[in-house]
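The lines below spell out each chain.
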Amino acid sequence: MRLLHEIRERVRTLLFRGREEREMREEIRYHIERETEKNVREGMEPGEARRVALLKFGGVDRYQEKVRDARGVRPLEDLLADLRYAARTLRKAPGFTVVAVGTLAIAIGATTAVFTLVDGVLLRPLDFEDPERLVRILEFDADGGGRGTISAPNFRDWVERTEVFEAASLYDEYRPSLEGDEPERVHGGSVNAPYFDLLGVEPAVGRFFLPEEDEPGSVRAVLSWGLWQERFGGDPGVVGATLHLNGFPYTVVGVAPRGMEDPGLQGASFDEPRLWRSTPAYFATNGRGSRSFTAVARLREGVDLESAEERLQAVHTDLAAEHPDENRGKVVKLVPLKEDVVGDVRPALVALLAGVGLILLMACANVANLLLFRASGRTREISVRTALGARRGRIVRQLLSESLLLAVLGGLGGLALGWLATRGLVVLAGDEIPRMDRVTMDLRVLAFAATTVLGVTLLFGAAPAAHATGVDLAGGLASGGGARGGTEGGGAGRLRRALVAAEVALAVVVVAAGALLARSLLELRAVDPGIEVERLLVMEVDPPFDPYFNDETDTLGLRVEGLYRDILRETRALSGVRSAGMIDILPLSGSFNGLPYRLDEEPAPANRSDAPRTELRAVVPEVFRALGIPVVRGRSIVESDRADAPPVAVVNRTLARRHGGEAAIVGMHIHLHGDEPHRIVGVVGDVTEFSLDRPPEATAYIPVTQAPVWMRDEQKLVVRTAGDPIALAGAVRTAVRDVEPRAPVSDVTTMEGVLGSTLARERFRTLLLVSFALVALLLAAVGVFGMVSYGVGRRRRELGVRMAMGASRSDVSRLVVAEGLRPVVAGAIAGLAGAVMAGRAMSGLLFGVAPTDPVTFTLTPVLLLAVAAVAAWLPARRAGRLPVVEVLGAE
Amino acid sequence: MTDDRSDLLQGTLELLVLKTLSLEPMHGWGIAQRIQEMSRDVFEVNQGSLYPALQRMRRKGWVRSEWRKTENNRRARYYELTTAGRRELGREREEWARASAAVDRVLDFAGS
């Protein structure tokens, strides 16, 4: 009760401070008046009476202080007063304030952004019920090799024989054609009935799969929220509707919740599935040796991972004895699901966090240095205040409040910068890092930032505060705040110089690494992919199974041949289309098939496994013209190369070089598939097939009509346009639909987009490292600036003496700069050593640039020296300008 | 600098103020005069300590204050005991009585 009253009083006092002060003064005035009157009545003279009254009262100012103290809000009032004073002080030194706040903002911003990333990706638990019990089941060779995928019969045995799982499900990628007005190819997953229940999510509408419904022939599907909104307008009536996937009817039983994190296939970087199907028959058709799936499971309550894994391995050993052909020498592993999803990126993210942590520490050290420099100039002020009676604690508190204000301002700026940086990171790294779609700045991040700000305040505020309280009073007053002469020696000076050297070393390492990556990226972009990338529209066309591939009598595939020709004819008729063709696998798509081949005109190799390999592509004319691949000898594949015509092929230069050159190879016969050889009728230019950093592979092109069946069912339509390719996308889609409305068109993009996405990873890495490099460079520059400024401040007297003795201004400046650069040089040398190591560690990421590229390694230290020289010259210049009289004489 | 007086003295001052105000509401100067009178000039209140004490007591809820016009039409702040203040007065009187009785007993004992 009393406590409540006290709090109320304190708040009231705080709020009405002004009025309280006025009333207090009035109260005193009344008291003094009455006392004075009494004294006058007792016979004193008015002047005397008043003086005695005041004396008896005992020091009005001190009284006021005591009243204020008694009011109980003193600390808070003092803090506000200190902050106001600090704000005034900072406003008077705008240059310093901007540099200090800027440094802090950048460092705090970077730290906050990376923490947001780490929190969202690594720390945030998976969005499922009780996610710690979810695991991935993997199978590897005993020596650790293999991809980790498992087979269906093994899975069944594991689940049935051990009893460690509450529920489990297989998972496979499923990419059906979804029919409808706008047929499209969708990414999806094939799962077992318990899948959603074991994850612990609730359906948005309808329900999920039920194990009872797992009879042969039943086909059920669950849609994703996104697919439900896009294609069904969010209509709850979708439950029970029929969907045609690859021509087969599926019943929709429900819709998954919004934003569900599907664990899908192993690892990350998987297109989010838009639907799931449960077809028990599908998994049943796969044999024990066919390891194409992954599995997700929930451990039983109370079962820990290690014992579950042991139990599983024991069963697997039994299975190896029962089925030695398929299972011998394999081990089974359980991995926590979250670990499986984010485990790959954890080391990189942790390294990133360590990196920004280092930057934050250095920023604090820098700002501390700057503050010390300022504090050294205020030694006299502090001495005076102490002499006048200011308590040491009060002074420390006031200095700390300056630091607090700087930190808060830096923190606010840092939050803004961090927010921007986070958005940028999400956009750039979206495909590279898992779980990025939900990375946002939330309360946890804000709390982290606030803690950082406070910690930072203490870190860099402690130094000047401690310095201030250690001030030698008499020395401060007498010497007028000047230096005790000589270069700054001792522990503090060494520490400061070592700090600058460390900052420079770090900057050298990061700048060199960033330069290497940047040059690598430029080299990559300069690689000629062998095609003309601009103004190329591409999209995938999938003819439906029925009627194009289900007619056994149509062995030559005449129906699909006709379809492709019709599509191309319609496309070429559109205005704005220069040329068009088809190919089954695009250049730069990262796909490969690598088939063995042999030439009739050359002796066959002794072993099958020694046969040379080539990439094989099925094309429809005029794809070479559309892509811009030059025909260097002979002819290209033309319309007359139909299904019933003699089989022909065109090879690229790389393949031709293997067998005697372009002139020689034309006319030879190549066996690619089946029994009948294709006659080589021409040679075309090389194309980078997988990615820009690998040389072109040997490639052979055959007409799709003369290709095996499994190469005919999916073609990429390639259209060379006169103007912007995307502008024509709608018209081309309509043209395809007019020819065959049931053929889905998907993956509509431009060749430039495909090229861009192959470079996405390199671009992201480079951008990140270059940003780091800039920050490190800035920090080093500020560090040098602070160190030299401080040194100049401390040595004013000595420098003044030198100038009085005849040294010129430029002499003094040069001296200061030279001494300032000494630690820089030391740091640069250390940094070079570090950069060499970093380059070696990075060599796997580099292209076209040596890890110890001399140009980079020469220019980087030069750049740093130049920046440091400028940073040192600015304060040195001021040193040279000091009026000698002022420095030496009375201040 | 904030507490030249010991706790005991501070407590005594507050007790005296409570007693003074229990008779009638009064302004600060008046309280100072009355305490001087009542104690037969033994306690010449360091007037500078009176107002802080009044603030403390106001914070604790023992007194409340109000600006009024005095006899000569000047403005002064008057203090008045609250119910809590009265209770406190009673409690402190008991404390004081008990303490002084104990001191008396010790003195008697030592004396005999």
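Residues numbered from 1 in each chain as written. Chains lettered and ligands numbered in written order. Predicted model: local features only at pLDDT ≥ 70, side-chain atom pairs only at ≥ 80, totals over all residues. Heavy atoms only, no water.

So, about the overall build of chain B. In terms of helices and strands, chain B carries four helices and three strands. The proportion of buried residues among the 112 residues of chain B is 46%. Long-range pairs, those at least 24 residues apart, make up 45% of the contacts in chain B between residues at least 6 apart in sequence. As presented, chain B carries roughly 6,600 Å² of accessible surface, and 51% of it is formed by carbon and sulfur atoms. (Helix = DSSP H or I, 4+ residues; strand = E, 2+ residues; numbered from the N terminus. Buried < 20%, exposed > 50% of the residue type's maximum accessible area, 1.4 Å probe, protein only. Contact = heavy atoms within 4.5 Å. Areas by Shrake-Rupley, 256 points an atom, 1.4 Å probe, with all protein chains shown as cover.)

Here the idea is simple: oppositely charged side chains can pair when their charged atoms come close. Evaluation of the coordinates by the stated rule reveals 47 salt bridges over all chains. Its salt-bridge partner being Arg 231 of chain A, residue Glu 184 of chain A comes within 2.8 Å of it at the nearest N-O pair. Taken together, the positions of Glu 184 of chain A in strand E4 (residues 184–185) and Arg 231 of chain A in helix H9 (residues 225–232) put the pair 47 residues apart, joining distant regions of the chain. Residue class for Arg 231 of chain A comes out partly exposed when judged on its relative accessible area of 25%. Of the charged contacts in the structure, one is a salt bridge between Glu 24 of chain B and Arg 34 of chain B, with a shortest N-O distance of 3.2 Å. Note that Glu 24 of chain B is positioned in the loop between helix H1 (7–23) and strand E1 (26–27) and Arg 34 of chain B in helix H2 (residues 28–38), a separation of 10 residues in sequence. A relative accessible area of 36% means that Glu 24 of chain B is categorised as partly exposed. One continuous salt-bridge network, built from bridges that share partners, spans Glu 561, Arg 565, Arg 572, Glu 622, Arg 625, Glu 639 and Arg 642 of chain A. (Salt bridge = Lys/Arg side-chain N within 4 Å of Asp/Glu carboxyl O.)

Moving on, we get to a positive patch on the surface. Residue and element names in this part refer to chain A. A surface patch of like charges, here positive, comprises Arg 84, Arg 88, Arg 91 and Lys 92. Note on placement: Arg 88 falls in helix H5 (residues 74–92). For Arg 88, a relative accessible area of 47% puts it in the partly exposed group. (Patch = residues over 30% accessible without salt bridge, like charges linked within 9 Å, V, L, I, M, F, W, Y side chains within 5 Å. Lys, Arg positive; Asp, Glu negative; His and termini not counted. Charge placed at Lys NZ, Arg CZ, Asp CG, Glu CD.)

Bringing the environment of Gly 723 of chain A into the picture now. Relative to the assigned elements, Gly 723 of chain A resides in the loop between strand E23 (715–721) and helix H25 (729–739). Put simply, Gly 723 of chain A and Arg 535 of chain A are 188 residues apart on the chain and 6.5 Å apart in space, counted from C-alpha to C-alpha.

Moving on, we get to the pairing of strand E5 (residues 188–191) of chain A. Residues and elements named next belong to chain A. The alternating pattern of E5 places Gly 188 and Ser 190 and Gly 189 and Val 191 on opposite faces, both of which are buried. For E5 and strand E10 (residues 275–278), the ladder comprises four bridges, and the chain directions are parallel. Note that in E10 the partner of Gly 188 across the bridge is Leu 275. (Pairing = 2+ DSSP bridges.)

Another aspect to go through is the packing of helix H2 (residues 17–41) of chain A against helix H3 (residues 47–60) of chain B. Remark: H2 of chain A packs on H3 of chain B, axes separated minimally by 12 Å, with the N-to-C direction vectors making an angle of 140°. Considered as vectors, H2 of chain A and H3 of chain B are oriented oblique to each other. Judged by the sense of rotation from one axis to the other, the crossing of H2 of chain A with H3 of chain B is right-handed. Residues Glu 20, Glu 27, His 31 and Glu 35 of chain A of H2 of chain A lie in contact with H3 of chain B, whose contacting residues are Gln 47, Tyr 51 and Arg 58 of chain B. When its residues are assigned to classes, the contact of H2 of chain A with H3 of chain B shows one nonpolar, two polar and four charged. (Axes fitted to C-alpha atoms, helices over the stretch in contact; angles between N-to-C directions. Parallel < 35°, antiparallel > 145°, perpendicular 65-115°, else oblique. Left-handed = near helix turned anticlockwise from the far one by under 90°. Nonpolar A, V, L, I, M, F, W, Y, C, P; charged D, E, K, R; others polar.)

Side-chain positions along a regular strand alternate between the two faces of the sheet. All names here are of chain A. Most of strand E2 (residues 165–174) sits out of view: eight of its 10 residues are buried. Bridge count for E2 against strand E11 (residues 294–299) is six bridges, and the pairing is antiparallel. Each residue of the ladder has a partner; that of Tyr 171, found in E11, is Thr 294.

We now examine the packing of helix H6 (residues 94–123) of chain A against helix H26 (residues 751–794) of chain A. Residue and element names in this part refer to chain A. The geometry of H6 relative to H26 is characterised by a closest axis approach of 11 Å and an angle of 150° between their N-to-C directions. With respect to H26, the axis of H6 lies roughly antiparallel. The handedness of the crossing between H6 and H26 is left-handed. In this structure, H6 uses Val 99, Thr 103 and Ile 106 to contact H26, whose residues at the interface are Val 775, Leu 778, Leu 779 and Val 782.

Attention now goes to H3 of chain B. Each α-helix turn comprises 3.6 residues. Residues three or four places apart therefore point the same way. The end-to-end C-alpha separation of H3 of chain B is 21 Å, in line with the 20 Å expected for 14 residues at 1.5 Å each. Counting buried residues in H3 of chain B gives 14 out of 14 residues, a clear majority hidden from the surface. (Expected span 1.5 Å × (residues − 1).)

On to the confidence of the model for chain A. All names here are of chain A. Here chain A averages 82 in pLDDT, and 89% of its residues register 70 or above. Looking across chain A, the model is least confident in helix H18 (residues 473–479), with a mean pLDDT of 41, and most confident in strand E21 (residues 678–684), with 94. Contacts for the low-pLDDT stretch residues 471–489, under 50 throughout, to residues beyond four places or in other chains number 28 contacts. (pLDDT = per-residue confidence, 0-100.)

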